[in-house]
Every structure is written in structure tokens, then in C-alpha cells.
Amino acid sequence: FIAYPNPAKNELSLHVNATTISSYEILDMQGRSVLKADVSNLTLVKLNTSALKSGAYIVKAVTPYGVAQKSLVIE
């Protein structure tokens with residue numbers, strides 16, 4: 001599971017190899033969901049992060065094999 005660019009400004013790409021993403025969620029450091037969506041089993045998801053405040057977040061991607069997560073910084 002790859003989330004790039006990191007740090008991100010206005011756009012973030014989520015990519016997985018050999019499987020698909022069915023949904024994603026971005027959480028702030030207090031565990032509150034700030035952005036989430038269901039997607040149609042894509043290998044590459046591009047999302048607009050311009051509405052997020054600068055800071056640290058956790059991004060989670062749900063795949064058929066489970067949930068993957070990464071740290072994320074928004075500039």
C-alpha cells in the first residue's frame with residue numbers, strides 16, 4: 001500500500017499492488033474521520049485533500065485482504 005505524495009498538498013494518490021481498494025478513510029490524530037468514501041475496487045485512487053488542514057493524519061485503505069494504513073502529512 002502506497003500513499004503519495006507524502007507530504008501532500010491538494011491531491012493524494014492511494015495505490016495497491018495485486019489487489020484493489022474498496023474504500024478509504026482519513027483520520028485525524030484524535031481518531032476522528034475527516035474524509036472517507038467507497039470506491040469501485042480500484043488499484044489507484046486519487047483524492048482531493050485541499051479541504052484538510054495542515055497536520056498529521058492516518059490514511060486507511062480497505063482491500064479484500066484487510067485494512068492497510070499509513071501515516072500522512074498534509075502541508
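Structure: see above.
For the structure given in this document, a descriptive report is provided here.

## Thoughts on the environment of Asp38
Move 1: In this fold, Asp38 is placed in strand E4 (residues 33–42).
Move 2: A relative accessible area of 72% means that Asp38 is categorised as exposed.
Move 3: Spatially, the C-alpha atoms of Asp38 and Tyr24 are 6.6 Å apart, while their sequence positions differ by 14 residues.
Move 4: In contact with Asp38, not counting residues within four places along its chain, are Ser22 and Ser23.

## Points about the sheet that holds strand E7 (residues 66–74)
Strands belonging to one sheet form pairs held by backbone hydrogen bonds; the direction of such a pair is parallel or antiparallel.
Move 1: Spatial ordering of the open sheet is given by E4-E3-E6-E7, a layout of four strands whose pairing is antiparallel. Unpaired on one side and paired on the other, E4 and E7 mark the two borders of the sheet. Strand-to-strand, the axes of this sheet are offset by a mean angle of 20°, without reference to chain direction.
Move 2: As paired strands, strand E6 (residues 55–63) and E7 are joined by nine bridges and run antiparallel to one another. Paired with Tyr57 across the bridge in E7 is Leu72.

## Regarding the sheet that holds strand E2 (residues 11–15)
Move 1: The strand order E1-E2-E5 describes an open sheet built from three strands, whose pairing is antiparallel. The sheet is open, and its two edges are formed by strand E1 (2–4) and strand E5 (44–48), each paired on a single side. Each strand axis lies, on average, 20° off the axis of its neighbour in the sheet, ignoring direction.
Move 2: Summarising the sheet, E2 and E5 pair through five bridges and their orientation is antiparallel. Across the sheet, residue Leu12 finds its bridge partner in E5, namely Leu47.

## Re the pattern of salt bridges
Move 1: Scanning the entire structure with this criterion turns up two salt bridges.
Move 2: Of the charged contacts, one joins Glu75 and Lys9 as a salt bridge, the two residues approaching to 3.9 Å between their closest N and O atoms. One end of the pair, Glu75, is in the segment after E7; the other, Lys9, is in the loop between E1 and E2, with 66 residues separating them in the sequence.
Move 3: The class of Lys9 is exposed, set by a relative accessible area of 53%.

What counts as what
- Residues numbered from 1 in each chain as written.
- Predicted model: local features only at pLDDT ≥ 70, side-chain atom pairs only at ≥ 80, totals over all residues.
- Heavy atoms only, no water.
- Helix = DSSP H or I, 4+ residues; strand = E, 2+ residues; numbered from the N terminus.
- Buried < 20%, exposed > 50% of the residue type's maximum accessible area, 1.4 Å probe, protein only.
- Contact = heavy atoms within 4.5 Å.
- Pairing = 2+ DSSP bridges.
- Axes fitted to C-alpha atoms, helices over the stretch in contact; angles between N-to-C directions.
- Salt bridge = Lys/Arg side-chain N within 4 Å of Asp/Glu carboxyl O.

These figures capture arrangement, not role.
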